[in-house]
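# Survey of secondary and tertiary structure
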Amino acid sequence: MQYKSIERKRPTEEIDHMSKHADEHSETKHSETEQKKDAIVLIDDDPNNLYMLELDLENEGCELLQAENGQIGWSILQDNKDRIVAILLDRMMPVMDGMEFMEKVKTDKSAKHIPVIMQTAAAEKNQVAEGIKAGVYYYLTKPYDVQIMLSVVRNAIKDYKERCKLKREFYDFRQKLKLVKESYFEATTIEDARYLATFLANFFPNGDNAILGISELLINAIEHGNLGITYEEKTELHKINGWEEEIQRRLALPENKDKTVLAHFKRESDHITLTIKDQGNGFHWQQYMQIDPRRAKHSHCRGIAMAAMLSFDHIEYIGNGNTVICTVNTQPCPL
């Protein structure tokens, strides 16, 4: 199958990947120094839509790979898994539509974590819920706003790269640690939270899943709990790419100087618990335990739901929501 590869003039950074490809270019001196480009796959049966996406994404520093249906898009994905950082997917297409494409992606272990942004005119609640069930956590409704589209794409790629980095660090780190039965930790900054997530994941039987949830919950405790960044504020900060700057600003405020997030790890005979507590005023956690189709088009808000679905067997918020207890079973449940 043929597909179109659009070369960009801007240099790009070498990306982190879930798969190990460190020695792929060792055959020749030239290929050892050759830098792989990030790639975004654009799948849409309308040439005009592909052209507009090309124009809107031309300054993002990625190679854009175009496909006119899901079948061609699947072929592209198989050939470029190690460098694809996002997929923009139309829902309604001939040959193989967006939902059929997602069914194939969901069964591919090396591709199922690549973020898929579904662009569609079909934005009914049940249709969005169907896409979420299939693994689509990012939505754009046609016709899309360019700035919103760019915000969603950038944050999807950023989240994916961060998870890839965390997973790689987890595999490198796990072999160097001894298991502990119980321990207490503190985190103050986002970097603290990421490092602690990498460390704690080593104590879980399925650490590559646990690391995502631990990271999300620790960061949530710092940004929303201790620093008081609201859902609406984070939405606006993502639009202007100002989230990290605002985090640093609030961390420097006198009222936040001594605030920490406490993490308590404990291993029992048949389960592991991780309790995370911040010093904030809490929040209405119930609405974030599942991915709400009404918020599927937003560039964030999936952390708690993804932690509940992918990382832990049980999540329970206590009181006003500034304490969460996460449980992973270490023995099979009796029939």
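Bear in mind that the values here come from a model prediction, so they are computed numbers and not experimental data.

Here the focus is the confidence of the model for the protein chain. In this model, the protein chain carries an average pLDDT of 81, and 80% of its residues clear a pLDDT of 70 or more. Segment residues 1–33: pLDDT under 50, and 66 contacts once partners within four positions in sequence are set aside and those in other chains are kept.

A separate point is a nonpolar patch on the surface. Where nonpolar side chains cluster on the molecular surface, the patch consists of Tyr51, Met52 and Leu55 and spans about 280 Å² of accessible area. For leucine 55, the position within the fold is in helix H2 (residues 47–57).

We now examine the sheet that holds strand S11 (residues 323–329). Taken together, five strands build an open sheet; the order of strands is S7-S8-S9-S11-S10 and the sheet is antiparallel. Edge positions in the sheet fall to strand S7 (182–187) and strand S10 (314–318), since each has one partner strand and no second. Each neighbouring strand pair of the sheet contributes to a mean axis angle of 15°, computed without reference to strand direction. In the sheet, strand S8 (residues 261–267) pairs with strand S9 (residues 271–277) via six bridges, with the strands oriented antiparallel. The residue of S9 that forms the bridge with phenylalanine 265 is leucine 274.

Right, let's get into the nonpolar core. Among the nonpolar cores identified, the biggest contains 51 residues, and Ile40, Leu77, Ile87, Leu88, Leu89, Phe101 and Met149 are the most heavily contacted of them. Apart from residues no more than four positions distant in its own chain, isoleucine 40 is found in contact with Cys62, Glu63, Leu64, Leu65, Val85, Ala86, Leu88, Val153 and Ile157. Core analysis: the second largest hydrophobic core is formed by 43 residues, Ala197, Leu212, Ala307 and Cys326 among them.

Attention now moves to the packing of helix H7 (residues 190–201) against helix H8 (residues 207–226). Interhelical geometry of H7 versus H8 gives an angle of 150° and a closest axis separation of 8 Å. Relative to H8, the element H7 is oriented roughly antiparallel. Seen from above, H7 lies across H8 with right-handed handedness. Each of Ile190, Ala193, Arg194, Leu196, Ala197, Thr198, Leu200 and Ala201 in H7 lies in contact with H8, whose residues at this interface are Gly207, Ile211, Ile214, Ser215, Leu218, Ile219 and Ile222. For the contact of H7 with H8, the class distribution of residues is 11 nonpolar, three polar and one charged.

About the criteria used
Residues numbered from 1 in each chain as written. Predicted model: local features only at pLDDT ≥ 70, side-chain atom pairs only at ≥ 80, totals over all residues. Heavy atoms only, no water. pLDDT = per-residue confidence, 0-100. Contact = heavy atoms within 4.5 Å. Patch = residues over 30% accessible without salt bridge, like charges linked within 9 Å, V, L, I, M, F, W, Y side chains within 5 Å. Areas by Shrake-Rupley, 256 points an atom, 1.4 Å probe, with all protein chains shown as cover. Salt bridge = Lys/Arg side-chain N within 4 Å of Asp/Glu carboxyl O. Helix = DSSP H or I, 4+ residues; strand = E, 2+ residues; numbered from the N terminus. Pairing = 2+ DSSP bridges. Axes fitted to C-alpha atoms, helices over the stretch in contact; angles between N-to-C directions. Core = buried A, V, L, I, M, F, W, Y, C linked by side-chain atoms within 4.5 Å. Buried < 20%, exposed > 50% of the residue type's maximum accessible area, 1.4 Å probe, protein only. Parallel < 35°, antiparallel > 145°, perpendicular 65-115°, else oblique. Left-handed = near helix turned anticlockwise from the far one by under 90°. Nonpolar A, V, L, I, M, F, W, Y, C, P; charged D, E, K, R; others polar.

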